[in-house]
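What follows is the residue order along each chain.
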Amino acid sequence: MSATTEKPASAEAIRPFTFEVTANEIEDLRTRIVSARLPERETVPDSSKGVELATMQALVEYWGSKYDFGRVAARLNAHPQFITEIDGLDIHFIHVKSKHDGAMPVLLTHGWPGSVVEFLSTIEPLTDPTSYGGKAEDAFHVVIPSIPGYGSSGKPAETGWGVDRIADAWIALMERLGYDRYAAQGGDWGALITDIMAVKAPPELIGIHSNMPGILPPEIGSRFVPLSVQPAPDGLSAEEQATYERLTFVYNAGVSYAVEMAIRPQTLYGIADSPVGLAAWMLDHDMWSYEDIAQAFVDNKPVDNLTRDEVLDNITYTWLTNTGISSARLYAENTLGFFDAKGVNPKIPVAVSVFPRELYQAPRSWTERAYPNLVYYNQVDRGGHFAAWQEPQLFAQELRAGFESLR
């Protein structure tokens, strides 16, 4: 992978960026895919032991013979991209300004195993709402940074780049771009980073939106330990009990990848050497997203925008940037409970969208307790963990509605 940037005049310069891929890199990737050695079929009739052989066979066949390897570079380069150095590290970001006057700047942060690819299909609905059923006054200027160690951002060479430091970097980025009034949004790691921005509450931050809100009260969050969850306490409402049971399943049977990356991320050499190994690792994020992705590959029946090409764009980008392990290290840096309330400043307005196939459905009671200035709460009828990626137009509608009172 190569990149084109202009020579910086200073460390704080904002340099235009182009993502470039050579023919040799593509041929090497294709060769590794078609020559992959797969294991025997799983010993159970479902995905309870991991990504199924049929899914990987279908993925390898499509990726190696039908996928357009130039897609991801073309899609990225269709938007203005930049690099700037913050706190000693190069930060890559997409920055698209709306043509509409009075557009609200919004910072969108992805998670793992995602990248800025998650948000590419949301850019036009957000910046040009009149073409997607919205009004001119719904428009956003969009800033989409790559988390350190992900995509085209720099890879930290030392420890210390956790959620708190990334939140500081995002605040510095928006200041550098000249925005004195902006909102922030995130899911997965992006949700944690966005919450911590709201804990810090810089005066320019006018509100946040989350599709994976940190809502567990301390007395509840403390009961969740990976692979060893305590029974639910008495006194929970039906909605709270359902969330507790869902997260019990996630912690007991759905976070093994996170445990490995939190403790021994450097051991994952296989995902740096094998694109098929990388693909399997990235597909195994959560049961509900995996079901939708498997359906796209095995049956060629994608669930909305989570198509084979979309999934492979993200995996291909991760492979070409060799960020499988560098992105995993964020788990080792993390000191926060993924789903715990973070202590968001009560002065910061908060909007929450609850997607039915997310890891859990945030109860309104816990959401109001975690976010004292909750201005919007909505349960939508479709979508999962990768909300912006899978449901870009619905996601855009939720941001418009969530931030409407802040314009």
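The sections below set out a description of the structure shown in this document. (Residues numbered from 1 in each chain as written. Predicted model: local features only at pLDDT ≥ 70, side-chain atom pairs only at ≥ 80, totals over all residues. Heavy atoms only, no water.)

Points about the packing of helix α2 (residues 53-65) against helix α12 (residues 287-298)
Following both chains from N to C, one finds α2 and α12 inclined at 50 degrees, their axes separated by 8 Å at the closest point. Between α2 and α12, the angle falls in the class oblique. Where α2 crosses over α12, the two elements pack in a sense that is left-handed. Residues Ala-54, Thr-55, Ala-58 and Leu-59 of α2 touch α12, and the partners they reach there are Tyr-290, Ala-294, Phe-297 and Val-298. Looking at the contact of α2 with α12, its residues break down into seven nonpolar, one polar and no charged. (Axes fitted to C-alpha atoms, helices over the stretch in contact; angles between N-to-C directions. Helix = DSSP H or I, 4+ residues; strand = E, 2+ residues; numbered from the N terminus. Parallel < 35°, antiparallel > 145°, perpendicular 65-115°, else oblique. Left-handed = near helix turned anticlockwise from the far one by under 90°. Contact = heavy atoms within 4.5 Å. Nonpolar A, V, L, I, M, F, W, Y, C, P; charged D, E, K, R; others polar.)

Structural notes on helix α1 (residues 23-34)
With twelve residues, α1 should cover 16 Å at 1.5 Å per step; its first-to-last C-alpha distance of 17 Å lies within 8% of that length. Buried residues of α1: Glu-25, Ile-26, Leu-29 and Ile-33, and no others. Mapping the buried residues of α1 onto a view down its axis gives an arc of 95 degrees, with all of them on the same face. Opposite the packed face of α1, turned more than 90 degrees from it, sit the exposed residues Ala-23, Asn-24 and Val-34. (Expected span 1.5 Å × (residues − 1). Buried < 20%, exposed > 50% of the residue type's maximum accessible area, 1.4 Å probe, protein only. Arc of directions from axis to C-beta.)

Quick notes on the side chain of Ser-153
Position of Ser-153 among the secondary structure elements: in the loop between β6 (140-145) and α5 (163-176). Reaching out from Ser-153, the side chain makes a polar contact with the backbone nitrogen of His-92 at a distance of 2.9 Å. The residues touching Ser-153, leaving out its near neighbours within four places in the chain, are Asp-90, Ile-91, His-92, Ser-146, Ile-147 and Pro-148. (Polar contact = N/O pair within 3.5 Å; in protein donor to acceptor, adjacent residues only side chain to side chain.)

A few points about unusual backbone geometry
Between Trp-112 and the following residue, Pro-113, the backbone shows a cis peptide bond with an omega angle of 5 degrees. With respect to the secondary-structure elements, Pro-113 resides in the loop between β5 (104-109) and α4 (123-127). You will see that Leu-227, though not glycine, has its phi angle at about 70 degrees, which is positive. With respect to the secondary-structure elements, Leu-227 resides in the loop between α7 (218-221) and α8 (238-253). Positive phi, close to 60 degrees, is recorded for Asp-304, a residue that is not glycine. Along the polypeptide, Asp-304 turns up in the loop between α12 and α13 (308-320).

Concerning the nonpolar core
Of all hydrophobic cores here, the largest spans 129 residues; its most connected members are Trp-63, Trp-170, Trp-189, Met-197 and Ile-315. In terms of residue count, α5 provides more of this core than any other element does, eight residues in total. Ignoring any residue separated from it by four or fewer positions in sequence, one finds Trp-189 in contact with His-110, Gly-111, Trp-112, Ile-147, Tyr-150, Val-163, Leu-330, Tyr-331, Asn-334 and Phe-338. (Core = buried A, V, L, I, M, F, W, Y, C linked by side-chain atoms within 4.5 Å.)

Observations concerning the packing of aromatic side chains
Tallying each qualifying case throughout the model produces 18 aromatic pairs. Ring plane angle 15 degrees and centroid distance 5.2 Å describe the contact between Trp-112 and Tyr-257, whose orientation is recorded as stacked. Separated by 145 residues along the polypeptide, Trp-112 in the loop between β5 and α4 and Tyr-257 in helix α9 (residues 256-263) bring together distant segments of the chain. Judged by relative accessible area, which is 8%, Tyr-257 ranks as buried. Of the aromatic side chains, those joined through ring pairs into one cluster are Trp-112, Trp-189, Phe-224, Tyr-244, Tyr-251, Tyr-257, Tyr-331, Phe-338, Phe-339 and Tyr-360. Sitting above the plane of the Trp-288 ring, Arg-246 keeps its charged end 3.8 Å from the centroid. A cation sits over an aromatic face here: Arg-407 above Phe-140, 4.5 Å from the ring centre. (Phe/Tyr/Trp six-rings, centres within 6.5 Å; stacked < 30°, edge-to-face > 60°. Lys NZ or Arg CZ within 6 Å of the ring centre and 35° of its normal.)

Focus: α8
Between its terminal C-alpha atoms α8 stretches 22 Å, which fits the 22 Å expected from 16 residues at 1.5 Å a residue. Taken as a whole, α8 has its buried residues at Glu-240, Thr-243, Tyr-244, Arg-246, Leu-247, Val-250 and Tyr-251.

Describing the pattern of salt bridges
Two side chains that carry opposite charge are able to pair once their charged atoms sit near each other. In total, this model carries 19 salt bridges according to the counting rule given. Residues Arg-71 and Asp-309 are paired through a salt bridge, measuring 4.0 Å at the closest nitrogen-oxygen approach. Placement of Arg-71 in helix α3 (residues 71-77) and of Asp-309 in helix α13 is noted, with a sequence separation of 238 residues between them. Across the pair Glu-219 and Arg-369 runs a salt bridge, and its minimum N-O distance is 2.8 Å. Of this pair, Glu-219 sits in helix α7 while Arg-369 sits in helix α15 (residues 364-370), and the two are 150 residues apart along the sequence. Owing to a relative accessible area of 42%, Glu-219 belongs among the partly exposed residues under this scheme. (Salt bridge = Lys/Arg side-chain N within 4 Å of Asp/Glu carboxyl O.)

Comments concerning the environment of Ala-78
Mapped onto the secondary structure, Ala-78 falls in the loop between α3 and β3 (81-86). Here the alpha-carbon distance between Ala-78 and Thr-18, two residues 60 residues apart in the chain, equals 9.6 Å.

Here's the deal with the pairing of strand β10 (residues 374-379)
Bridge count for strand β9 (residues 350-354) against β10 is five bridges, and the pairing is parallel. Across the sheet, the residue bridging to Ser-353 is Asn-378, located in β10. What joins β9 to β10 is α15, and the crossover it makes is right-handed. (Pairing = 2+ DSSP bridges. Right-handed = clockwise from strand over helix to strand, strands pointing away.)

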